[in-house]
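# Descriptive analysis of the structure
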Amino acid sequence: MGSQAKLLRSFTRVEPQTLSFVIFAGCFLISMAVLVVSAGSLVSLPSREFNLSHDPRRHRRCSFLPVSAGASKRKLIFGCFCSEFVAVSSHGSSCFWGPRKSRSSSPTPSVEDIEHLVRKRQVFQILYHVETDFHTALPKFKRAVDGTNGNEEPQRKPLCDTSDRRADICDMEGDVRVRASSSSIFFVTSSDRNFSELQESWRIKPHPRKGDHAALSRLTEMSVGYLSAYEEDVPKCDVKSSVPAIIFATGGYAGNFFHETTDLVVPLYITSHKFGGEVQFLISDMLPWWIAKYDLLLKKLSHYEIIDFNRDPLVRCYPRVIVGITFHKDMSIDPARSGGVTMFDFGQFIRSAYSLERETAIVLGEKQEKKPRLVIISRKRTRKFSNVDEISRMAEWQGFEPVIAEIKKNQSLGEFARVVNSCDAMLGVHGAGLTNLIFLPTNAVVIQVVPLGGLETYCWSDYGVPALEMKMRYLQYSISVTESSLVDRYGITDPAITNPQAILAQKDGWRNWTSIYFFNQDVRLDVGRFSSILVHARQLLRQ
């Protein structure tokens, strides 16, 4: 009793500050010990990262290591590798080692049994007797979990390809779920992808004007990513489809026939023609007038109902989904990237979709009485012919039947396509109207008039190359200074007339250049100078 009192008196002499410090330090050490013990189940360990620097046999303790990202982001599959036993736990909260009899009286499972259970996700607590060492056991479990040889990571193709200059494309095949209400597309996977892979996602605007803020600013951005089949929040299918789906957006520069064709119609054909109509379109930012205008083309490419992506409340499930449409180059198809499909095939598709009768242009002979028809694209605003009647008379004098045409306000595209298809040659100033060449028959002649401004390269790439790729003949006529209306506005010695490139070099050069040469210039053809072009066109129709 005296010793207890003495101890009590000695304890009371301890400074309160010292006592507080001792209590704090004790609590801190206890807390750290708890954290260390529970770290295996609380800390998100990087999957498939194995530290082989410690020999479990030498230390006589288990190495708690992740084998796979497993069933979901919340439920990892871990392997505990010991000197004598390997335990696999699906909850990642415990590791077992020691004599086998202390853990279970059941027979030791075989490697095949463990591989089966791992693949079926039925692993809970399995003890496996390791006849060899840790380094030999590890590859067996890696092979069981991810199907590899235990030494190499499987190479997987990302869902989305963002490397192209003009378009981002996501192509998913398997269990794909589209939840349009959140602008989300999920690739649902039950395979053993590691945690970082499951976190990958992409933000896509499915329109081939990538990088063009003015064209894409109002379009819907979509999220594309992985989702584990074992997640609780996997969206359930409201509609299950047996055919693939293509998701794309209208908008952009819709309203301009050239951009509607080169940005949407040709890329949609490249992406969807291989399905032979067995594909469904989900269209975001859908313009009703655009759907009505291209109704015949859309029905030719898809035999299924078009889904308005932005107004669809359902979760739709598909065996394959492509987000975005493939762009090669303006008004052109690269056969090396399309499986051999060409612009000539596209032309045949157009004629079939619009039921156009003429496949080939007229072939003039020695005693040919029928005149070839020349469609003259008459523009009402910029870059229009200011002497179209004079041009028409000259064409008739050269042996053509002139047809002055511009699509009327209430005229359908199909009706105008039949007018163009009935002709053997086309004449027009550089502009969207020349896009109607896609309706011409094979071997027709396309004549493009190049206005002032150094536009020859643009004219050639926009319409010259496509015409030749569609197996037509192509002629290009560059006007003289006196054939441009800009002479009356600026005078013949102004840099706008003598040196158009100098306009580009100025501040706001591109804006000024397009304003002058695209939006404020008309053409008055010198019919005497131009007549030789029509002579050449007739010669081409004889071949």
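You'll find the protein chain entered in an unreviewed UniProt entry as Glycosyltransferase 61 catalytic domain-containing protein, with Musa troglodytarum given as the organism. Checking UniProt for the protein chain, the heading Subcellular location (unreviewed entry) contains the comment "Golgi apparatus membrane". Quoted verbatim from the Pathway (unreviewed entry) heading of the UniProt record, the comment on the protein chain is "Glycan metabolism."

## Brief notes about the state of the cysteines
Enumeration according to the criterion identifies two disulfides in this entry. One disulfide in the model links Cys 160 with Cys 170; its S-S distance is 2.0 Å. For the disulfide bridge between Cys 160 and Cys 170, the dihedral angle about the S-S bond is near 100°, and by the sign convention the bridge is right-handed. Taken as a pair, Cys 160 in strand β5 (residues 160–161) and Cys 170 in strand β6 (residues 169–179) lie far apart in primary sequence, 10 residues in all. By relative accessible area, Cys 160 is classed as buried at 8%.

## Quick word on the pattern of salt bridges
Under the defined criterion, the tally for this structure stands at 19 salt bridges. Close ionic contact of Arg 320 with Asp 171 constitutes a salt bridge, the shortest N to O distance being 2.7 Å. Taken together, the positions of Arg 320 in strand β14 (residues 315–323) and Asp 171 in strand β6 put the pair 149 residues apart, joining distant regions of the chain. Residue classification places Arg 320 among the buried positions, given a relative accessible area of 18%. Residue Lys 384 pairs with Asp 522 through a salt bridge whose shortest N-O separation is 2.9 Å. Highlighted residues: Lys 384 in the loop between β15 (373–377) and α12 (388–397) and Asp 522 in the loop between α18 (509–517) and α19 (527–540), separated in sequence by 138 residues. Given a relative accessible area of 18%, Asp 522 falls into the buried group. Three or more residues joined by partner-sharing salt bridges are found here, namely Arg 166, Arg 209, Asp 212, Asp 263 and Asp 330.

## Let's talk about the packing of aromatic side chains
For the coordinates displayed, the defined rule picks out 16 aromatic pairs. Measuring from ring centre to ring centre gives 5.7 Å for Tyr 354 and Phe 439, while their planes differ by 90°; the resulting arrangement is edge-to-face. Taken as a pair, Tyr 354 in the loop between α11 (343–353) and β15 and Phe 439 in the loop between β17 (425–429) and β18 (445–450) lie far apart in primary sequence, 85 residues in all. Plain terms: the ring middles of Tyr 458 and Trp 513 are 5.8 Å apart, the flat faces sit at 45° to each other, and that makes the pair tilted. Separated by 55 residues along the polypeptide, Tyr 458 in helix α14 (residues 456–469) and Trp 513 in helix α18 bring together distant segments of the chain. With a relative accessible area of 1%, Trp 513 lands in the buried category. Every member of this aromatic cluster is reached through a ring pair, and the members are Tyr 458, Trp 510, Trp 513, Tyr 517 and Phe 518. In this structure, Arg 166 packs its charged tip against the face of Phe 327, placed 3.7 Å from the ring centre. The aromatic ring of Phe 344 is capped on one face by Lys 471, whose charged end is 4.3 Å from the ring centroid.

So, how was this worked out
- Residues numbered from 1 in each chain as written.
- Predicted model: local features only at pLDDT ≥ 70, side-chain atom pairs only at ≥ 80, totals over all residues.
- Heavy atoms only, no water.
- UniProt positions renumbered as here; feature names shortened; annotations may be inferred.
- Disulfide = S-S within 2.5 Å.
- Helix = DSSP H or I, 4+ residues; strand = E, 2+ residues; numbered from the N terminus.
- Buried < 20%, exposed > 50% of the residue type's maximum accessible area, 1.4 Å probe, protein only.
- Salt bridge = Lys/Arg side-chain N within 4 Å of Asp/Glu carboxyl O.
- Phe/Tyr/Trp six-rings, centres within 6.5 Å; stacked < 30°, edge-to-face > 60°.
- Lys NZ or Arg CZ within 6 Å of the ring centre and 35° of its normal.

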